[in-house]
Amino acid sequence: MKLAVAGKGGVGKTSLTAWIGDYLSRQGRDTWLVDADTALSLGSALGLSPQDVPIPLIQDEALIRERVGSGFINLNPQVADLPERLRVRTGGLDLVVMGSVAGAGGGCACEANALLKALLAHLIVERDQWVVVDLEAGVEHLGRGTVSAVDGLVVVSEPSWRSLSVAARIAGMAAELGLTRQALVLNRAENGSTLPDIPGLPPLTAAIPALTGLTERQLTSPSVLDLPERPALDLACAAILAALADQEPQPSR
Ligand SMILES: Nc1ncnc2c1ncn2[C@@H]1O[C@H](COP(=O)(O)OP(=O)(O)OP(=O)(O)O)[C@@H](O)[C@H]1O
Ligand SMILES: [Mg+2]
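Parameters and conventions
Residues numbered from 1 in each chain as written. Chains lettered and ligands numbered in written order. Predicted model: local features only at pLDDT ≥ 70, side-chain atom pairs only at ≥ 80, totals over all residues. Heavy atoms only, no water. Helix = DSSP H or I, 4+ residues; strand = E, 2+ residues; numbered from the N terminus. Contact = heavy atoms within 4.5 Å. Salt bridge = Lys/Arg side-chain N within 4 Å of Asp/Glu carboxyl O. Buried < 20%, exposed > 50% of the residue type's maximum accessible area, 1.4 Å probe, protein only. Pairing = 2+ DSSP bridges. Axes fitted to C-alpha atoms, helices over the stretch in contact; angles between N-to-C directions. Arc of directions from axis to C-beta. Expected span 1.5 Å × (residues − 1).

Attention shifts here to the side chain of Thr90. When you line up the elements, Thr90 lands in strand β3 (residues 88-90). If near-sequence neighbours (up to four positions away) are discounted, Thr90 is found in contact with Leu46 and Leu48.

Here it is as structure tokens:
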């Protein structure tokens, strides 16, 4: 299964990506996590020390030039070897740090974008493993072909009007692109929270409370794994995955 995790800034996308990845790897699933956000914090959320987090692909100008060229851009660069070349293994997971497809800046934005999109498409469309992508807010940056191959979108939100409005907007954009299997996760919310009447929200599949263990840990470590609340987080992950699996497959698949 291929999942993308999206939501407003700061709502817990990276944490949830790490929790789902950790849960899947303990279930024995061959899982790749992709950091496709600008903040590049998935590695540290998984407990990697800064020197073990590789430079994001978006900053690897030599590799970008080698694969995509400059001037005449090769929009179909060879990427099949890149996941193994770029990955870091941690706790049974493979992590690829790309950077944001939307936020490609600097000297060779188009070239970087072309390579990031091709790599994501390869991981999502052509690989058999589980893939969980920590995205920025929108899903449209993935490109239509890649989005239609994603099996499920996990939309994270805090229990607030603003955060849920962004969640509904993301869900709407994704649905327009054909990504209709969606799960809403309320983070820092009590079970049984009632949702405001905002049209277009995905079905609520899990609520994760504010975690005291994480709040305490946060002062000394960026890792979000191995918390005392792990059993509850596992239940939330299982509920999210089951809800997505129960929904009709994407029409385009
Ligand atoms: N349920 C929770 N309880 C306590 N702290 C939490 C919880 N979920 C996330 N956090 C903390 O909130 C902060 C933001 O979480 P995270 O980085 O996962 O959000 P994000 O949506 O990925 O943010 P960004 O938009 O910046 O990428 C982190 O410090 C994380 O440890
Ligand atoms: Mg993040």
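On to the pattern of salt bridges. In total, this model carries 11 salt bridges according to the counting rule given. Between Arg230 and Asp22 there is a salt bridge; the shortest N-O distance is 4.0 Å. One end of the pair, Arg230, is in helix α9 (residues 230-246); the other, Asp22, is in helix α1 (residues 13-26), and 208 residues separate them in sequence. Judged by relative accessible area, which is 9%, Asp22 ranks as buried. The partner of Arg188 in a salt bridge is Glu158, with the nearest N and O atoms 2.5 Å apart. Taken together, the residues Arg188 in the loop between β7 (182-187) and β8 (204-208) and Glu158 in the loop between β6 (152-157) and α7 (161-176) connect sequence positions 30 residues apart. What makes Arg188 partly exposed here is its relative accessible area of 45%. When its relative accessible area of 25% is taken as the criterion, Glu158 is described as partly exposed. Here the salt bridges do not stand alone but share partners, grouping Asp22, Arg26, Asp226, Arg230 and Asp234 into one network.

The strands that make up a sheet are held in pairs by hydrogen bonds between backbone atoms, and each pair lies either parallel or antiparallel. Ordered by their spatial adjacency, eight strands build an open sheet running β3-β4-β2-β5-β1-β6-β7-β8, and the pairing between neighbours is mixed. The sheet terminates laterally at β3 and β8, the two strands that pair on one side only. Direction aside, neighbouring strands of the sheet carry axes that sit 25 degrees apart on average.

Turning next to helix α3 (residues 61-68). Along α3, the positions that sit buried rather than exposed are Leu63, Ile64, Arg67 and Val68. Around the axis of α3, the buried residues are gathered within 105 degrees of arc, so they sit on the same side. Exposed positions of α3 whose direction lies more than 90 degrees from the buried face are Ala62 and Glu66. Backbone geometry just after α3 places Gly69 at a positive phi near 80 degrees.

All right, on to α1 then. Spanning 14 residues, α1 covers 20 Å between terminal C-alpha atoms, matching the ideal 20 Å at 1.5 Å per step. Of all 14 residues in α1, 13 are buried, a share of seventy percent or more. A positive backbone phi angle near 85 degrees is found at Gly28, which sits one or two residues after α1.

With that out of the way, let us pick up the side chain of Thr17. The residue Thr17 is located in helix α1 in this model. In this view, Thr17 contacts Val5, Leu33, Leu42, Val132 and Asp134; residues no more than four positions away in its chain are not counted.

The analysis is restricted to geometry; functional conclusions fall outside its scope.
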